[in-house]
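Secondary and tertiary structure notes
Here is how the chains run, residue by residue.
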Amino acid sequence: MKPGFRKKIYAGFFSLLLIQGLVLFFWVSHVMKSSLLQEIKNRGISIGTILSARMVEPMLAMDFLRMRVLLDETVQLEQDIFYTFVLDKEGRPLIHTFDRGFPTALKHLNSVSDDHNGSMKLLDTGDKLFYDYALPVAIDTHRLGTLRLGLLRTRAEKAVAKIMVSAVVSIVFTIFIAGIVGTILLNPITKSIKKLHESSEQALRGNLDVKTAPMLGKNCWDIMNCHKNQCPAYKNYHHRCWYMAGTLCPTCVEGEYAKKIDSCRQCQVYRKCSGDEIQSLAESFDAMTLSLKGNLSSLKDAEAVLNEQKARLQTILDAIPDFISLQDDKGRYISVNKAFCDMLNKEKEDIVGKFNDDLFPPGLTRQYNKEDRQLFTSGLPLIKENKIMDEKGISWLHVVKIAVMDGSDKVAGLVCSGRDITQLKAVQEQLTHAQKMESVGRLAAGVAHEINTPLGIILGYAQILLEDVEQEGQIHDDVATIVKQTRICSRIVADLLSFSRSRENIISEFDMNGAIDEVLDVVVHTFGLHHVDIHRSYYPGPLKIRGDKEKLKQVCINLLNNAFDAIEQDGVISIHTDLEATAREITISISDTGHGISRENIVKIFEPFYTTKGPDKGTGLGLSVTFGIIKEHNGSIDVFSPPLSFLETGTHGQGTQFVVTLPTGLD
Amino acid sequence: MKIICLFLFSLLICPGCGDDEPAIKVDLKIKEQVIRPHEPDVITYAYLPQYSHTVSYTRHHLLVSYLRKKTGLNIKQIFPDTFDHHMCMVGENKIDISFSNPFVYVKMARKYGAKAFARSIEASGRENFRGQIICRKDNVAIKNLSHCVQKRWIAVDSTSAAGFLYPLGFFLDHGIEKSDFKEIAFAPGPGGKQEKVILAVYAGKYDIGTIREGALDVVVGKIDLQQIRILAMTAPYPGWVYAARKDLDTSVVEKIQQAFKALDMKNATHERILKAAHFAAVISSTDSNFDSVRELVTKTDINLTQ
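As the structure is a prediction and not an experimental result, all values here were calculated from the model. (Residues numbered from 1 in each chain as written. Chains lettered and ligands numbered in written order. Predicted model: local features only at pLDDT ≥ 70, side-chain atom pairs only at ≥ 80, totals over all residues.)

**Brief notes about the overall build of chain B**
The number of helices and strands found in chain B is nine helices and 15 strands. Per-residue burial for chain B yields a buried fraction of 40% across its 306 residues. For chain B, contacts bridging at least 24 residues in sequence account for 79% of all contacts bridging at least 6. (Helix = DSSP H or I, 4+ residues; strand = E, 2+ residues; numbered from the N terminus. Buried ≥ 20, exposed ≤ 12 C-beta atoms within 10 Å, placed from the backbone. Contact = placed C-beta atoms within 7 Å.)

See the structure below:
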């Protein structure tokens, strides 16, 4: 475990003091020692210089007594003067202060030339260290002899030893005092920091109700003599008022800490209650956790709303039948809807975070990657239709890819939406076919118009010729065949012209039941010849309708002819009319007991020229014309095979039922 | 980081860890006795200690060296402490060549048989020299010689010529007896007597002082000479004299005399020697040259044998 803040501070503190003490100890002792030694050296030179000057006169007079007195006085002057002696010009000892003879070794150990003021050497006897000074005794430049002086270093060493002891004592004392002072100063700081640490741990664990700041002797309500219970700072012992928004003090500025703190600094509450940096830190920490708590609550609310919206959005996206995907700037799928998942037959978790390479076969991957790169480069949307061939068959997809731009107009991702347009494609194909058929119809009508006249002439001449030839004979039969076939052609041409021509409607109000009867009167005889009965079941009242009576009669003729052709022999044709309850629509139902229409053919029966009849019986234009007339009257026609009655009762039968619904057009 | 800290710490500490300076081992147990060797055939030369020994040495050591070299004799300058000591040493044959004032000489001639053989010519070029009576410039009580009555007088020595004898004769000539002075003192202690007289007057301890002419130059730089006033000058008398002790070998005297005579100001080396001694030249002399001094002694009732 690493040492705590307090230990570190103490360690640093004492290390610094120790280093400073050691440095001071070594430096000061060295400097003091040097200074003392230099002082002693200078003192030796000074004593020697004075003595050598005083020695001139006795030396000249060869007054050994005076010389001896001078030397003895000098030695007695200081305890650390070890000896003095005088050498003559030739270096012979003249006088000295040694007991029992002059030490021979000293004689030549130190000397000074005429042009020098003195010489100093450190000598060691083994038990004593002393400086030996050699100073010239001279008058001007005339040398009389040499004065030698020995000065013990003992005094300097004692002084240095004293200084070093004093330094050590001072250092120890300083460290001791510093320790006490440091403890006194550090205790509140370390306590506060420890409390801050505990509070921060509590906050990390989710407990934001921490109280780190110390209790104060006087709080804002005491200082301001305030009794406003509604104020958030009132009786709040752990949070300072300048950190709180919405305080009710008249001197307070409204707003958060950042807005009010400048004003609060001028307030007497702040001046009295604000503490040192540590206290401020604790108070701001409490305020911060309080603010954090509020913000976290808001954040949670916002998160809930966001999650709800996200779920809604996902629901909408999943509900959309189109598949939708979102890729990031690297092409990675970051969001997809259910349709996309269904398309790929994968779970959402298996798609999000993947790339095209992970999801599509190699061929599609190359294509999609190329498209994505173009989009990332150009930023232009891509709209296309994809033809998918799989075991289910052929399907078509309409795909739109749009680049999503970020704030700096760079492509941040791609949104892709796709829709299954297989059915639309089928309708488009039908429309195209219908358009083609319309063109053919128009062409056929044009041809019919052109050939109608020559066909009339052919028929006319053929009838004349038929009258002119004998009735019995091959020629008559041949001409009769010409007349017969010409009439078939004329009928085809007439149907074509009817199909193509848009004749002006002649609108009138008439009874539809009556109109049907008129039609039946024409065909009933023919139908009867082939044992085809007609059952009428009319709406009991008049079945009034506004429309083109002839065109609607044509509808009935076409439907009755189709029923007759489907029966061919021995059958029943049922005609039923009805008025809708609101009297706005009438229905005409014509059903037969014929061979019926197959499921494949039932969708084609309204196409022009589609017929299942033989070559001489149908032109394939009857139901097309019928369909056009009913549409002109804003009605509709439904076909059921077998008839609806069989389908509703579940009984077995055959035949076809056409149900025409027409608006009455009456108010 | 740790290495850098240790390096910095060492930098701070190391300057305080310097080794002590090296010491030379010495053995003081082997000792010898100091005995002055005796030098044979030494001719001793002494300058009457009217100045300090240092001044005496400075003025005469070149001359002594010259004489030693010129004569081939082992001449050495010695320094007696007082005038009486000087005279006694002549009488005890400890001084072979004496350079003294005429008063001392006539005493030594009378008492110890010393014999004059040369005398100096002052730097000013005069063969004779005078005494000076000085007082403080600001002493308003002494404006002329008559004002010296009942004043304190310090003289160089009772055997000084220009410092006592000549001024005493000068005072007698002007009617002032020894008893007219409040006090007559002599410069104390050995050597430096001329300077001591000047310093005593300068300090105001004595009202008047008597010195030889030129003595004030010796104290230039030591005191403010502007504060000293020369009250009077005595009559000139013969200058300082070289005398040989009684029974000194005449050949020695002859050699020294010849060496003196050879000194020439025109010679650069000699010029340096003569200027140091404050001489212009040294000329031959005889005892009779100092009869005027003997007359002055008689006039002042001084006993030459004392």
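**Quick look at the nonpolar core**
Ranked by internal contacts, the top residues of the largest apolar core, which has 74 residues, are Tyr 105, Met 108, Val 201, Ile 208 and Ala 243 of chain B. The leading source of residues in this core is helix H5 (residues 161–173) of chain B, at eight residues. Two domains each provide a minimum of three residues to this core, namely domain 1 (42–127 + 238–290) and domain 2 (131–235) of chain B. Every residue in contact with Val 201 of chain B, bar those within four places of it in the chain, is listed here: Ile 134, Cys 135, Arg 136, Ile 154, Tyr 206, Ile 208, Gly 209 and Ile 228 of chain B. With 33 residues, the next largest nonpolar core counts Ile 81, Phe 130 and Leu 147 of chain A together with Phe 79 of chain B among its residues. (Core = buried A, V, L, I, M, F, W, Y, C linked by C-beta atoms within 7 Å. Domains from an automatic or database assignment.)

**What to know about the UniProt feature "transmembrane region" (unreviewed entry) in chain A**
Residues annotated in UniProt with the feature "transmembrane region" (unreviewed entry) correspond here to residues 12–32 and 163–186 of chain A. Taken end to end, residues 163–186 of chain A comprises 100% helix and 0% strand; its first and last C-alpha atoms sit 33 Å apart. (UniProt positions renumbered as here; feature names shortened; annotations may be inferred.)

**Points about the confidence of the model for chain A**
Overall, the predicted model of chain A reaches an average pLDDT of 85, with 96% of residues at or above 70. Per-element averaging of pLDDT across chain A places helix H18 (residues 644–649) of chain A at the bottom with 74 and strand E18 (residues 656–663) of chain A at the top with 94. (pLDDT = per-residue confidence, 0-100.)

**A closer look at the environment of Leu 231 of chain B**
Residues and elements named next belong to chain B. Of note, Leu 231 is situated in strand E12 (residues 228–233). With 20 C-beta atoms counted inside 10 Å, the residue Leu 231 sits in the buried group. Sequence separation of Leu 231 and Thr 210 is 21 residues, and the distance between their C-alpha atoms is 9.9 Å. Once residues lying within four places of it in the same chain are set aside, the contact partners of Leu 231 are Ile 133, Ile 134, Cys 135, Ile 142, Leu 145 and Ile 208.

**Things to note about the pairing of strand E5 (residues 97–100) of chain B**
All names here are of chain B. Burial along E5 is two-sided: Ile 97 and Phe 99 facing one way and Ser 98 and Ser 100 facing the other are all buried. Sheet analysis places strand E3 (residues 42–47) next to E5, joined by three bridges and oriented parallel. Looking across to E5, one finds that Ala 46 is bridged to Ser 98. Bridge count between E5 and strand E14 (residues 241–244): four bridges; the pairing is antiparallel. Each residue of the ladder has a partner; that of Ile 97, found in E14, is Ala 244. (Pairing = 2+ DSSP bridges.)

**So, the sheet that holds strand E7 (residues 323–328) of chain A**
All names here are of chain A. Spatial ordering of the open sheet is given by E8-E7-E11-E10-E9, a layout of five strands whose pairing is antiparallel. Strands at the two margins of the open sheet, each flanked by one partner only, are strand E8 (333–336) and strand E9 (382–390). Taking each pair of neighbouring strands and ignoring which way they run, the sheet shows an average axis angle of 25°. In this structure, E7 lies alongside strand E11 (residues 411–420), joined through six bridges in antiparallel fashion. Its bridge partner lying in E11, Gln 327 is registered against Leu 414. (Axes fitted to C-alpha atoms, helices over the stretch in contact; angles between N-to-C directions.)

**Observations regarding the packing of helix H15 (residues 512–529) of chain A against helix H16 (residues 549–567) of chain A**
Residue and element names in this part refer to chain A. Following both chains from N to C, one finds H15 and H16 inclined at 30°, their axes separated by 9 Å at the closest point. Considering only the axes of H15 and H16, their crossing is right-handed. Across the interface between the two elements, Ala 515, Ile 516, Glu 518, Val 519, Val 523 and Phe 527 of H15 pack against Lys 549, Leu 552, Lys 553, Cys 556, Ile 557, Leu 560 and Phe 564 of H16. Grouping the amino acids of the contact of H15 with H16 by side-chain chemistry returns 10 nonpolar, no polar and three charged. (Left-handed = near helix turned anticlockwise from the far one by under 90°. Nonpolar A, V, L, I, M, F, W, Y, C, P; charged D, E, K, R; others polar.)

**Considerations on the sheet that holds strand E10 (residues 183–186) of chain B**
All names here are of chain B. The five strands are arranged E10-E9-E11-E8-E12 in an open sheet whose pairing can be described as mixed. Each edge of the open sheet is held by one strand with a lone partner, namely E10 and E12. Taken over all neighbouring pairs, the strand axes of this sheet differ in orientation by 30° on average, direction set aside. The sheet contact formed by strand E9 (residues 152–155) and E10 spans four bridges and is parallel. The residue of E10 that forms the bridge with Arg 152 is Glu 183. Lying on the sheet, H5 is in contact with strand E8 (131–136), E9, strand E11 (208–212) and E12; it crosses E11 at an angle near 115°.

**Section: the confidence of the model for chain B**
Summarising the model, chain B shows a mean pLDDT of 89, and 93% of its residues fall at 70 or more. The complex model carries a pTM of 0.48, and its ipTM stands at 0.74.

**Here we look at the interface of chain A and chain B**
At the interface, 30 residues of chain A touch 27 residues of chain B. Counting residues per element, the ones that place at least two in the side of chain A that touches chain B are helix H1 (5–54), helix H2 (56–61), strand E2 (93–96), strand E3 (102–103), strand E4 (119–124) and strand E5 (129–139) of chain A. With seven residues, H1 of chain A is the single largest residue contributor to the side of chain A that touches chain B. A class-by-class count of the residues in the side of chain A that touches chain B yields 18 nonpolar, seven polar and five charged.

**Comments concerning the environment of Lys 193 of chain B**
All names here are of chain B. Secondary-structure assignment places Lys 193 in helix H6 (residues 193–202). As for Lys 193 and Ala 155, which are separated by 38 residues in sequence, their C-alpha atoms are 8.7 Å apart. Excluding residues within four positions of it along the chain, Lys 193 makes contact with Gln 50, Val 156, Asp 157 and Ala 187.

**What to know about H1 of chain A**
All names here are of chain A. Here H1 is 50 residues long and its end C-alpha atoms lie 71 Å apart, about the 74 Å a rise of 1.5 Å per residue gives. Those residues of H1 not exposed but buried are Ser 29, Lys 33, Ile 40, Gly 44, Ile 47, Gly 48, Leu 51 and Ser 52. Where H1 is buried, its residues meet helix H3 (64–77), strand E1 (81–88), E4, E5, strand E6 (142–152) and helix H4 (154–204). (Expected span 1.5 Å × (residues − 1).)

**A short note on the packing of helix H3 (residues 83–91) of chain B against helix H4 (residues 102–112) of chain B**
Each pair of packed helices can be summarised by the angle the axes make with each other and by the distance between the axes. Residues and elements named next belong to chain B. One way to put it is that H3 packs onto H4 with a least axis distance of 10 Å and a crossing angle of 35°. The two elements H3 and H4 meet at a crossing, and its hand is right-handed. Contacts between H3 and H4 pair Phe 83, Met 87, Val 90 and Gly 91 from the former with Val 104, Lys 107, Met 108, Lys 111 and Tyr 112 from the latter. Along the lines of polarity and charge, the residues of the contact of H3 with H4 split into six nonpolar, one polar and two charged.

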